[in-house]
Amino acid sequence: MAPADYADWNPWHGCTKISPGCKYCYVYRQDEMYGSDKRTDLVTKNADFDLPVRRKRDKSYKIPSGAVVFTCFTSDFLVKDADVWRSEAWAMMKLRSDLTFYFFTKRIDRLRKCLPEDWGDGYDNVIIGCTVENQERADYRLPVFLDLPIRHRSIIVAPILGRIDLGPYLAPCIEEVAVSGESGIQARVCDFEWVLDIRRQCMEQDIPFSFHQTGAKLRKGGKIYCIPRKFQISQARKAAIDYRISPDGKPENGEWK
Ligand code: SF4
């Protein structure tokens with residue numbers, strides 16, 4: 001493992017499509033692209049299921065203390081088919097309180113029944129991102145999300161499929177809103193105006209905002225730009241529209257260049 005501040009942990013693989021944002025799911029695309037012999041719609045436990053507690057020869061943990069662990073990015077952490085393995089996964093997350101685990105889910109309505117008994121108000125080292133892609137899914141998932149005991153929460157708008165009013169849900173407990181367009185050859189268009197609109201809503205409520213990636217088709221100024229996968233993150237960064245609150249409480253916002 002690279003000596004980095006980030007690690008990936010995919011305890012299980014595969015997922016079932018449940019929502020408009022799943023239509024061109026990247027897990028399905030990747031499996032197809034790399035000719036995986038696994039069926040993506042069947043959830044299977046991965047060989048590195050216990051990665052957070054694995055140790056090297058010198059007995060130190062493979063994932064170094066302090067790392068942010070992107071969890072379950074080839075599935076959904078709350079997918080029903082993984083119910084039998086999740087309590088062990090929670091236990092590893094609790095044991096490695098020196099790491100920060102971050103997972104996104106389109107199944108936030110399953111969280112309550114999936115929580116471990118000792119969850120309380122949430123584990124302090126777990127960030128949960130509730131994913132929404134359109135107004136209808138935002139209006140369904142976000143009230144549920146806000147009502148759950150979670151210590152650290154973010155809203156992930158991905159893939160953005162239309163203009164979304166997040167206003168009623170931008171409570172102070174939301175630590176960040178991140179927006180992404182869709183990738184892949186069949187990607188649906190991401191309109192830059194939709195992104196700017198969410199940014200404006202976040203700035204009004206003083207909630208950090210980030211434009212994570214443009215997606216493959218970005219509409220700006222009435223023109224559609226096709227953006228290769230390798231530039232989708234850097235182009236979003238180039239837009240310089242992230243909104244951060246500095247440690248001294250001052251807002252920092254970029255401008256479109
Ligand atoms: S929930 Fe996520 S991982 Fe599962 S099918 Fe939908 S997009 Fe793919």
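For the structure, check the block above.
Here we summarise the structure given alongside this text.

Thresholds, definitions, all that
- Residues numbered from 1 in each chain as written.
- Predicted model: local features only at pLDDT ≥ 70, side-chain atom pairs only at ≥ 80, totals over all residues.
- Helix = DSSP H or I, 4+ residues; strand = E, 2+ residues; numbered from the N terminus.
- Buried ≥ 20, exposed ≤ 12 C-beta atoms within 10 Å, placed from the backbone.
- Pairing = 2+ DSSP bridges.
- Near = placed C-beta within 6 Å.
- Nonpolar A, V, L, I, M, F, W, Y, C, P; charged D, E, K, R; others polar.
- Contact = placed C-beta atoms within 7 Å.
- Expected span 1.5 Å × (residues − 1).
- Arc of directions from axis to C-beta.

Attention now moves to the environment of glutamate 193. As for its placement among the helices and strands, glutamate 193 is situated in helix H5 (residues 192-205). For glutamate 193, a count of 11 C-beta atoms within 10 Å puts it in the exposed group. Glutamate 193 sits 147 residues away from asparagine 46 along the chain, and the two C-alpha atoms are 40 Å apart.

Further remarks concern the pairing of strand E11 (residues 217-220). Summarising the sheet, strand E9 (residues 190-191) and E11 pair through 2 bridges and their orientation is parallel. Looking across to E11, one finds that aspartate 191 is bridged to arginine 219. Examined bridge by bridge, E11 and strand E12 (residues 223-226) share 4 bridges and lie antiparallel to one another. If you follow lysine 220 over to E12, its bridge partner there is lysine 223.

On to the site of the ligand, then. Near the ligand you find Cys15, Lys17, Ile18, Gly21, Cys22, Cys25, Val27, Ser75, Asp76 and Lys106, and these make up its full shell. Residues that form the shell around the ligand fall into these classes: 5 nonpolar, 2 polar and 3 charged.

For the rest of this paragraph, the subject is the environment of arginine 153. Along the chain, arginine 153 falls in strand E7 (residues 152-157). Under the C-beta neighbour-count criterion, arginine 153 is labelled buried, with 20 such atoms within 10 Å. The sequence separation of arginine 153 and alanine 236 amounts to 83 residues, and the corresponding C-alpha distance is 22 Å. Each residue touching arginine 153, except ones within four places of it in the same chain, is listed here: Ile128, Cys130, Phe145, Cys173, Ile174 and Glu175.

On to the sheet that holds E12, then. The 3 strands are arranged E9-E11-E12 in an open sheet whose pairing can be described as mixed. Single-partner strands in this sheet number two, and they are E9 and E12.

Here the focus is helix H2 (residues 83-95). The first and last C-alpha atoms of H2 sit 19 Å apart over 13 residues, in line with the 18 Å expected at 1.5 Å per residue. Of all the positions in H2, only Ala89, Trp90 and Met93 are classed as buried. Looking down the long axis of H2, one finds its buried residues gathered within 105° of arc, a one-sided arrangement. Facing away from the buried side of H2 by over 90 degrees, the exposed positions are Val84, Ser87 and Leu95. Next to the buried residues of H2 lie strand E5 (100-105) and strand E6 (126-132).

Moving on: helix H4 (residues 135-146). In this model, H4 (12 residues) spans 16 Å end to end at C-alpha, consistent with the 16 Å of a helix rising 1.5 Å per residue. Next to the buried residues of H4 lie E6 and E7.

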